[in-house]
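What follows is each chain in one-letter form.
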Amino acid sequence: MASDGPADGVGGGRGAAMAQGLRAYGLIVGMWVRSTLAYRASFVMMAFGNFAATALDFVAIMLMFSQIDALGGFSLPEVAFLYGTSGVSLGLADLLLGSMDRLGRRVRDGTLDTLLLRPAPVFAQVAADRFALRRLGRITQSLLVLGWSLTRLDVDWTVGRMLMVPLMAVCGTAIFGAVFTAGAAFQFWAQDAAEVQNSFTYGGNAMLQYPPTVFAKDLVRGVTFLVPLAFVNWLPALRLLGRPDPLGLPGWADFLGPVVAALMCAGAAVAWRFGLRAYRSTGS
Amino acid sequence: MSGAAAAEQLIEVDGVEKVFSVRRKAGRLRRVRHEVRAVDGITFQVPRGEMVGYIGPNGAGKSTTIKMLTGILVPSGGRLRVAGIDPARERTRLARRIGVVFGQRTTLWWDLPLKDSYELVRRMYRVPDAVYRANLDRCIELLDLGPLLSVPVRQLSLGQRMRGDIAAALLHDPEVLYLDEPTIGLDVISKAKVRAFLREVNAERGTTVLLTTHDLTDIEQLCRRVMVIDHGHLVYDGGLDGLRAAGDGERTLVVDLERELPPIEGVPGARTVKVEGPRQWLAFPAAQSAAPLVAAVAERYPLVDLSVREPDIEDVIATLYAGGRVPEGRAAADPA
Amino acid sequence: MSATVWSVAVAAGSFRRYATYRIATVAGVFTNTVFGFIVAYTYIALWDARPHLGGYDQAQALTFVWTAQALLAASALMAGGGIDELQERIRSGDIAVDLYRPADLQLWWLAADLGRAALQLIGRGVAPMAVGALVFPLALPSDPLTWGWFLLSVTLGVVVSFALRYLVALASFWLLDGSGLALISGLACMFFSGMVLPLRVFPGDFGALAQLLPWAGILQVPADVLVGARSGATLASGLLFQAAWGVALLALGRLVQTAATRKVVVHGG
């Protein structure tokens, strides 16, 4: 049972700490949402901008398809399916943890210390920091593209296949979330390196929007085994679309998404712990 | 060692040190690691309910000490307990029992009304409603926060914001309050308000206060006990009066004579430092009594009036820093 | 005369200032390179399906990709470029001080922007381009003269980019919150510069129109010069196109600046 008294924390164990973290996350997110709504017009504009910026990526794809019928052997609805699944996953991770890349700045100006003074896990506080509702723009845009692709795809939709789509989104969110977290942990050491993680998050998303057949084998291997972003949508999507996987992995690999997501989250948690411990022993 | 005494000590610091490893450029590419001992084995105790000033020049180890006491930084050595809790190991448990105000870093929410920040504290610290209500009402009354509650924090003046920050740090009934430069940048009236409030909190609620400041008036008006840190060492720990004596401080005897006379001579232990018309200034060691001096002067000179001036605390501390010397026999003073 | 002297000093100062952000530069180079790889492979697939699309062969298309990554920071293709500092000064009112300085505001910021661009062209442009040239068959010119024309075209592109950003920043004199306009202009720049897709690939009249807008002068024209898609008369017309937009936008900026100065003087800052 969750203890309600002030004596939780270390004594309460992992479960209590998790509950405490979620609660703090919710409280801080609420504060940021209210702050955002204090400037309503600005918020609407920024949400639109977020929507439009991601929409431009898809406009580029449509412009490409105005000149061709297939890219790397994939039709427009198939590419749109990849685009939508990757975009929703990144969008959700971005919404939930996207401002963690500000950690380096907080370390530099010393404001991270104020988070260490509150009775809540630092991770929850950093994750909720500057929670930006405008990022719903990307999610909305990706959902629209995904929805459109589902109406055009030539797939025999069984219940199992239909369930795979939301499962992909959940695992994809967890995988991208792990990358955001690991990137933030890296900033405990390199405070100016915020842009590096963009390569893996936004860069990874840019890659996953296109069919794996477009890229060199080594690159595909890299995002399968090294930074396993391929499990966000490529492998399960290829299965759904009835396409062979360019690396010729065994069939069960297409269903490894949840396992990979769990492993990556565990890895990111370890990186975060190390980073925070290093910060608390060096102070910068 | 003594169990009974230890129970009363809210803050216990025993041989605590903090060593940073710094990489410094040496030549074009080479970098050399070297150690910086920011806090180099300090020991002190603070009993419950005391208000202590903690001062020292920039980079002396003040904020490193505070960061270790609050659990932000993990000490490299020594033993540290606050309310019986090891801050480094049980940071979140400790967080509920301490309040912290960083003078230059607000924890209030910039775009939201002041009361929203307080509401967050209530929920995050799980403050019971009755306690919250009572504490908030008290802060509102004593710090004049009433008209500010619905104003977005970004529209508050520096002084108003500081008052708001101090209230935020007290809503959860902390046993210890750490204040880092609470009066920095404030106007005279705000300073007075903040000081009066702190005195009240300390006296009425028995909240233990540890105060770092550059403004020595804060110390003079609030603290009976002062700790001075320099180069990571505690160079003084004792009463404010003792500090004056310790720092090679000199007191000044100001005498008004009947008429303009040449500088006073031949008074043992004193020397004339200034003459201005019929008024003369004589400096003498702070530890020495003024009575024989007054007698010696009155015996030989036509005395009209006199007064004794205590050494300026800033000068005292300046000489302490300059000398870097450790006054002896000044372990935790007990003013009782 | 003295304006030249202080302009050079301002540009040099700005160059040095951006040179101090070393780790950020390395991180930026890394990101530019990663994105370069991803886009390069999609273009290979595109040009495999449609060789000579938009008049580029595959090597030229790949060169376009790496040119875009190399100019991304220098020409501020995706916003940034330090002009937000100017916006902040306008919002805070500090700008009143600048307006009373003897140095011309527009020239001052142009000099600073050119200094920044020079550093970022070297710091963030050379490395991605070199990596791209090592891994992909690029259509880089062997003739040093073409490189010279390219640099001139890049410089003109930075001027156009600056003139646009300066106008957006000046809008803060009238707008309560300038971030919306900055956002829209940033998106327009990203799309109509060719950053998202070369303007030559845009279909029909839409493509023709896009090539006439000022943003075309920021990336598409310099890239065309580098890959040899413009030479002789088309090279001259390309540079003229950039120069014309540059002059026109700077002149417009000057008009707006005069109006802004009057506003500040009337309202006392």
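Just so it is clear, the model here is predicted, and its values are computed rather than measured.

**Some points on the overall build of chain A**
And then number 1: Within chain A, the regular secondary structure consists of 13 helices and zero strands.
And then number 2: Beginning at the N terminus, the succession of helices and strands in chain A can be written as α-α-α-α-α-α-α-α-α-α-α-α-α.
And then number 3: Relative to the compact-globule value of 19 Å for 284 residues, chain A shows a C-alpha radius of gyration of 20 Å, a close match.
And then number 4: Taken along the three principal axes of its C-alpha coordinates, chain A extends 60 × 45 × 40 Å.
And then number 5: By the burial criterion, 56% of the 284 residues in chain A qualify as buried.
And then number 6: A separation of at least 24 residues holds for 78% of the contacts in chain A among residues at least 6 apart in sequence.
And then number 7: As displayed, chain A has an accessible area near 11800 Å², and 66% of this comes from carbon and sulfur atoms.

**Brief notes about the overall build of chain B**
And then number 1: Each helix and strand counted, chain B has eleven helices and 13 strands in total.
And then number 2: A total of 336 residues make up chain B; the buried ones form 50% of that total.
And then number 3: For chain B, the accessible surface area stands at approximately 15900 Å², while carbon and sulfur atoms represent 48% of it.

**Observations regarding the sheet that holds strand E9 (residues 233-239) of chain B**
Residues and elements named next belong to chain B.
And then number 1: Taken in spatial order, the six strands of this open sheet run E5-E6-E7-E3-E8-E9, and their pairing is mixed. Edge strands, defined here as strands with exactly one partner in the open sheet, are strand E5 (98-102) and E9. Neighbouring strand axes in the sheet, compared pairwise and without regard to direction, differ in orientation by 15 degrees on average.
And then number 2: Pairing between strand E8 (residues 225-230) and E9: six bridges, direction antiparallel. Bridge pairing in E9 places Asp230 opposite His233.

**Side note on the environment of Ala278(A)**
Residues and elements named next belong to chain A.
And then number 1: For Ala278, the location among the structural elements is in helix H13 (residues 257-282).
And then number 2: For Ala278, a relative accessible area of 19% translates into the label buried.
And then number 3: Between the C-alpha atoms of Ala278 and Phe188, which are 90 residues apart in sequence, the distance is 7.5 Å.

**Structural notes on the interface of chain C and chain A**
And then number 1: On the side of chain A, 33 residues touch chain C, which itself brings 30 residues to the contact.
And then number 2: Interface area for chain C against chain A, summed over the two sides, is near 2800 Å², with a carbon-plus-sulfur share of 79%.
And then number 3: Among the residues chain C hides against chain A, the three largest losses belong to Ile38(C), Tyr41(C) and Thr42(C). Together they make up 18% of the total.
And then number 4: Across the chain C-chain A interface, the total number found is one salt bridge.
And then number 5: Two residues, Arg124(C) and Glu195(A), come together in a salt bridge whose shortest N-O distance is 3.4 Å.
And then number 6: Across the contact surface, chain C and chain A share five residue pairs in polar contact (both at pLDDT 80 or more).
And then number 7: Secondary structure elements with two or more residues in the side of chain C that touches chain A: helix H2 (22-49) and helix H8 (179-192) of chain C.
And then number 8: Of the residues belonging to the side of chain C that touches chain A, the class tally is 22 nonpolar, five polar and three charged.

**So, the packing of H2(C) against helix H3 (residues 58-71) of chain C**
All names here are of chain C.
And then number 1: As a packed pair, H2 and H3 sit with axes 9 Å apart at the nearest point and diverge in direction by 155 degrees. With respect to H3, the element H2 is oriented roughly antiparallel. Crossing handedness for the pair H2 and H3: right-handed. For the pair H2 and H3, contact is made by Asn32, Thr33, Phe35, Gly36, Phe37, Val39, Ala40, Tyr43, Ile44, Trp47 and Asp48 and by Gln58, Ala61, Leu62, Phe64, Val65, Trp66 and Gln69, respectively.
And then number 2: Split by residue class, the contact of H2 with H3 holds twelve nonpolar, five polar and one charged.

**Some thoughts on the state of the cysteines**
All names here are of chain A.
And then number 1: Under the criterion given, the structure shown has zero disulfides over all chains.
And then number 2: Unpaired in this structure, Cys265 has its nearest cysteine sulfur neighbour in Cys171, at a distance of 9.5 Å.
And then number 3: Here Cys265 falls in the partly exposed class, since its relative accessible area comes to 33%.

**A short note on the confidence of the model for chain B**
All names here are of chain B.
And then number 1: Per-residue confidence for chain B averages 86 on the pLDDT scale, and 90% of its residues sit at or above 70.
And then number 2: Contacts from residues 1-7, a stretch scored under 50 in pLDDT, to residues over four places away or in other chains number one contact.
And then number 3: This model gives residues 325-336 a pLDDT under 50, and the stretch forms 19 contacts once residues within four places in sequence are excluded.
And then number 4: Note on the complex model: pTM 0.86, ipTM 0.88.

**Observations regarding helix H8 (residues 159-186) of chain A**
And then number 1: Taking 1.5 Å per residue, 28 residues should reach 40 Å; H8(A) reaches 41 Å between its end C-alpha atoms and fits that length.
And then number 2: Along H8(A), the sharpest change in direction is near 25 degrees and occurs at Val165(A); proline Pro166(A) comes one to four residues later.

**Some details on the interface of chain B and chain A**
And then number 1: If you look at the interface, chain B gives 32 residues, while chain A gives 34 residues.
And then number 2: At the junction of chain B and chain A, the tally comes to two salt bridges.
And then number 3: The partner of Asp113(A) in a salt bridge is Lys67(B), and the shortest N-O contact between them spans 3.3 Å.
And then number 4: Where chain B meets chain A, there are 14 residue pairs in polar contact (both at pLDDT 80 or more).
And then number 5: If you list the elements that add at least two residues to the side of chain B that touches chain A, you get strand E1 (9-25), helix H3 (91-95), E5 and helix H4 (114-124) of chain B.
And then number 6: Per element, the largest residue contribution to the side of chain B that touches chain A is five residues, and it comes from H4(B).

**Some words on the nonpolar core**
And then number 1: Counting residues in each nonpolar core, the largest one holds 233 residues, and the members touching the most others are Trp272(A), Tyr118(B) and Tyr178(B).
And then number 2: In terms of residue count, H8(A) provides more of this core than any other element does, twelve residues in total.
And then number 3: In terms of domain composition, this core takes at least three residues from each of domain 1 (47-73 + 83-244) and domain 2 (248-322) of chain B.
And then number 4: Discounting chain neighbours no more than four positions away, the residues touching Trp272(A) are Met100(A), Leu103(A), Val122(A), Phe123(A), Val126(A), Thr181(A), Ala184(A), Ala185(A) and Phe188(A).

The rules we used
- Residues numbered from 1 in each chain as written.
- Chains lettered and ligands numbered in written order.
- Predicted model: local features only at pLDDT ≥ 70, side-chain atom pairs only at ≥ 80, totals over all residues.
- Heavy atoms only, no water.
- Helix = DSSP H or I, 4+ residues; strand = E, 2+ residues; numbered from the N terminus.
- Rg over C-alpha atoms; globule rule 2.2 N^0.38 Å.
- Buried < 20%, exposed > 50% of the residue type's maximum accessible area, 1.4 Å probe, protein only.
- Contact = heavy atoms within 4.5 Å.
- Areas by Shrake-Rupley, 256 points an atom, 1.4 Å probe, with all protein chains shown as cover.
- Pairing = 2+ DSSP bridges.
- Axes fitted to C-alpha atoms, helices over the stretch in contact; angles between N-to-C directions.
- Buried area = accessible area lost by both parts, 1.4 Å probe.
- Salt bridge = Lys/Arg side-chain N within 4 Å of Asp/Glu carboxyl O.
- Polar contact = N/O pair within 3.5 Å; in protein donor to acceptor, adjacent residues only side chain to side chain.
- Nonpolar A, V, L, I, M, F, W, Y, C, P; charged D, E, K, R; others polar.
- Parallel < 35°, antiparallel > 145°, perpendicular 65-115°, else oblique.
- Left-handed = near helix turned anticlockwise from the far one by under 90°.
- Disulfide = S-S within 2.5 Å.
- pLDDT = per-residue confidence, 0-100.
- Expected span 1.5 Å × (residues − 1).
- Bend = angle between axes of the 7 residues up to and from the residue.
- Core = buried A, V, L, I, M, F, W, Y, C linked by side-chain atoms within 4.5 Å.
- Domains from an automatic or database assignment.

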